[in-house]
Amino acid sequence: MKLNLSCRLFLIIIVLFLVPYLTLFSWAYKKAETIIRDKAQSLERENLNQTKNDIESLCLNMIQASDYLISLNNYGVLYRESATKGYSYLKCWQDANEQIQNVNNSLLNSNADISVLSNDQLLYSTLPQQKFRFEDFFAVVPSVYFTNAHQSYRRFESNQTFVSYIRKLPPFSPKSFYLVISLPASSFSRLLGAAAGNMELWDTSGYSICGIHTPKDVKYFQEEISIPLSGWRLTDTISTEFLYQDIYELRTFTFVVSLGLLMICLLATFFAIYSQLRPLFKLKEQMQQVMAGNLNAEIATTDSKDEISSLSRTFNNMVTEIGHLIEEIQVTQKRESELRFEMLLAQINPHFLFNTLNMIACTAKLEDAVDTEKMILSLGNLFRYNLKTRE
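Remember, it's a predicted structure, so these values are computed and weren't measured experimentally.

1. Here we look at the overall build of the protein
When its secondary structure is counted, the protein shows 8 helices and 10 strands. Looking at the protein as a whole, 34% of its 391 residues qualify as buried. In the protein, of all internal contacts separated by at least 6 residues, the share reaching a separation of at least 24 is 58%. Of the accessible surface of the protein, which amounts to about 24900 Å², a share of 58% is contributed by carbon and sulfur atoms.

Right, dumping it as structure tokens:
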């Protein structure tokens, strides 16, 4: 398919402008996505570190609370008096309860369930015994550790998630007793915060303690940090759709506006190209007329000094010069024809005269006019001599 000059120029402009524009457009938004992602990751790392410090601070409070509670010396008395449960037992229990509650209020915001138990006996608990399922507590535990996420030991809230800090008490009986400080996951959940993502706290077994879980079918990127004190992991998951939502909307808006402006610019460019090339189209038409023999064809010119106007004036001058040359050739050819005719007449007239004189001489001879014949022949010789001399 052959395209005219204006269409070719139009396509060249589209290719030279549109391709770099789309390339720059794509690169700019990819760069913007990278910058936003880097800044979001930097912000989330700061949030992770801050949240990690808050969680470690709460874990340290649990450790400090356990250190103080282990230092109490009334567990042996409480154990010995638990068989009778008399006045001495109640007095000892009240003293222990007051000290434990003070620790719970000051260090753990009264959110903890604190218990002293063995594998078959609940020695003390901030919960009433009938509400504590101490029989579900494992019999063999390490001396000090943070547990994984587990269900509550409260009978009325068995579905609530808790984490516990467990320490083995110094021996005061044949049995092994443990101090168990349990905090609800909500205590840690309140510490989670994120600017653009979902934070989640995981135990050492990979189970979620608290936080907002991100569905697997969502595209995301994740930051993770370890909490050495408890062995847990803290993750912050950011949905790319949420993160890039504004830039996607901006990209769509910019693309639509740019496309509209591009169409307007292309239309304006096309009309500008057509208006600039219109004198060339007229010049082409006039050339075709000149080829057909119409030398009166002429292009309207202006005083502009651009190349097309200069070419139009040159074409007009050329056509005018060709007309003058043709007129001169026609005049020259006409003059040559007249000269040939005159030369032909000049050759014909003497021969006609000689033939006439010869006829008269023959007639005089037939009439025996000897003198007349001689006179005519002498006259013919004279003319012939003059003609040869002239030539």
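Picking up after the structure, the text goes on.
2. Points about the pattern of salt bridges
For side chains bearing opposite charge, pairing can occur when the charged atoms are close. Applying the stated criterion across every chain yields a total of 6 salt bridges. With its nearest N and O atoms 4.0 Å apart, the salt bridge here joins D95 to K91. Residue D95 and its partner K91 are located together in helix α3 (residues 87-108), separated by 4 residues, close to a single helical turn. Classification of D95 by relative accessible area gives partly exposed; the value is 31%. With its nearest N and O atoms 3.8 Å apart, the salt bridge here joins E336 to R340. Linking E336 with R340, this pair stays in helix α7 (residues 307-366), spanning 4 residues, or about one helical turn.

3. Things to note about the packing of aromatic side chains
The full count for this structure, using the stated rule, is 8 aromatic pairs. Measuring from ring centre to ring centre gives 6.4 Å for Y75 and F172, while their planes differ by 25 degrees; the resulting arrangement is stacked. Taken together, the residues Y75 in helix α2 (residues 75-81) and F172 in the loop between β5 (161-168) and β6 (178-184) connect sequence positions 97 residues apart. Ring centres of Y79 and F177 lie 5.5 Å apart, and the angle between their planes is 70 degrees; this geometry places the pair in the edge-to-face category. Residue Y79 is found in helix α2, and its partner F177 is found in the loop between β5 and β6; the two are separated by 98 residues along the sequence. Judged by relative accessible area, F177 falls into the buried class, the value being 1%. Taken together, the ring pairs in this structure connect Y75, Y79, F172 and F177 into an aromatic cluster.

4. Quick notes on the nonpolar core
Judged by nonpolar contacts, the single largest core of 41 residues is most densely connected at I55, L69, I181, F188, L201 and W232. No other element matches the 9 residues that helix α1 (residues 5-70) contributes to this core. Discounting residues that sit within four places of it in the chain, L201 has contacts with I55, F188, Y207, S208, I209, C210, I227, W232, R233 and L234. Ranked by size, the runner-up nonpolar core spans 5 residues in total, among them L117, L122, Y178 and V180.

5. Some points on the environment of F221
Within the secondary structure, F221 sits in strand β9 (residues 220-227). A C-alpha to C-alpha distance of 8.6 Å links F221 and D236, two positions 15 residues apart in sequence.

6. Considering the confidence of the model for the protein
Per-chain confidence: the protein averages 77 in pLDDT, with 80% of residues scoring 70 or above. The spread of mean pLDDT over the elements of the protein runs between helix α5 (residues 240-243), the lowest at 68, and β6, the highest at 88.

7. Some points on unusual backbone geometry
Residue N109 is not a glycine yet carries a positive backbone phi of 55 degrees. Counting through the fold element by element, N109 comes out in the loop between α3 and β1 (113-117). Looking at N109, the relative accessible area reads 56%, which means it is exposed. Here the phi dihedral of S110 falls at roughly 60 degrees; this positive angle occurs in a residue that is not glycine. With respect to the helices and strands, the residue S110 is situated in the loop between α3 and β1.

8. Details of the pairing of β1
In terms of burial, β1 is a largely internal element, 5 of the 5 residues being buried. Pairing analysis gives 5 bridges linking β1 to β6, with the strands arranged antiparallel. Across the sheet, S115 pairs through a bridge with V180, a residue of β6. The loop that links β1 with its antiparallel partner strand β2 (residues 122-125) comprises 4 residues.

9. Re a nonpolar patch on the surface
Together, L22, F255, V256, L259 and M263 give the surface a local cluster of nonpolar side chains, amounting to about 450 Å² of exposed area. The biggest single contributor to the nonpolar patch is helix α6 (residues 245-291), with 4 residues. Within the secondary structure layout, M263 lies in helix α6.

10. Describing α3
In a regular helix each residue adds 1.5 Å, so 22 residues correspond to 32 Å; α3 covers 30 Å between its end C-alpha atoms and thus fits that length. Where α3 is concerned, the buried positions are Y89, C92, A96, N97, I100, V103, N104 and L108. Angular distribution of buried residues about the axis of α3 spans 135 degrees; they occupy a single face of the element. Exposed residues pointing more than 90 degrees away from the buried face of α3 are listed as Y87 and S106. With its phi angle positive at about 55 degrees, N109 sits one or two positions after the end of α3.

11. Observations regarding the pairing of β2
Looking at chain direction, β1 and β2 are connected through 3 bridges and run antiparallel. Bridge pairing links L117 to L122 in β2.

12. Notes on the side chain of T235
Following the sequence through the fold, T235 ends up in strand β10 (residues 232-239). A polar side-chain atom of T235 sits 2.9 Å from a polar atom in the side chain of W202.

Cut-off values and rules
Residues numbered from 1 in each chain as written. Predicted model: local features only at pLDDT ≥ 70, side-chain atom pairs only at ≥ 80, totals over all residues. Heavy atoms only, no water. Helix = DSSP H or I, 4+ residues; strand = E, 2+ residues; numbered from the N terminus. Buried < 20%, exposed > 50% of the residue type's maximum accessible area, 1.4 Å probe, protein only. Contact = heavy atoms within 4.5 Å. Areas by Shrake-Rupley, 256 points an atom, 1.4 Å probe, with all protein chains shown as cover. Salt bridge = Lys/Arg side-chain N within 4 Å of Asp/Glu carboxyl O. Phe/Tyr/Trp six-rings, centres within 6.5 Å; stacked < 30°, edge-to-face > 60°. Core = buried A, V, L, I, M, F, W, Y, C linked by side-chain atoms within 4.5 Å. pLDDT = per-residue confidence, 0-100. Pairing = 2+ DSSP bridges. Patch = residues over 30% accessible without salt bridge, like charges linked within 9 Å, V, L, I, M, F, W, Y side chains within 5 Å. Expected span 1.5 Å × (residues − 1). Arc of directions from axis to C-beta. Polar contact = N/O pair within 3.5 Å; in protein donor to acceptor, adjacent residues only side chain to side chain.

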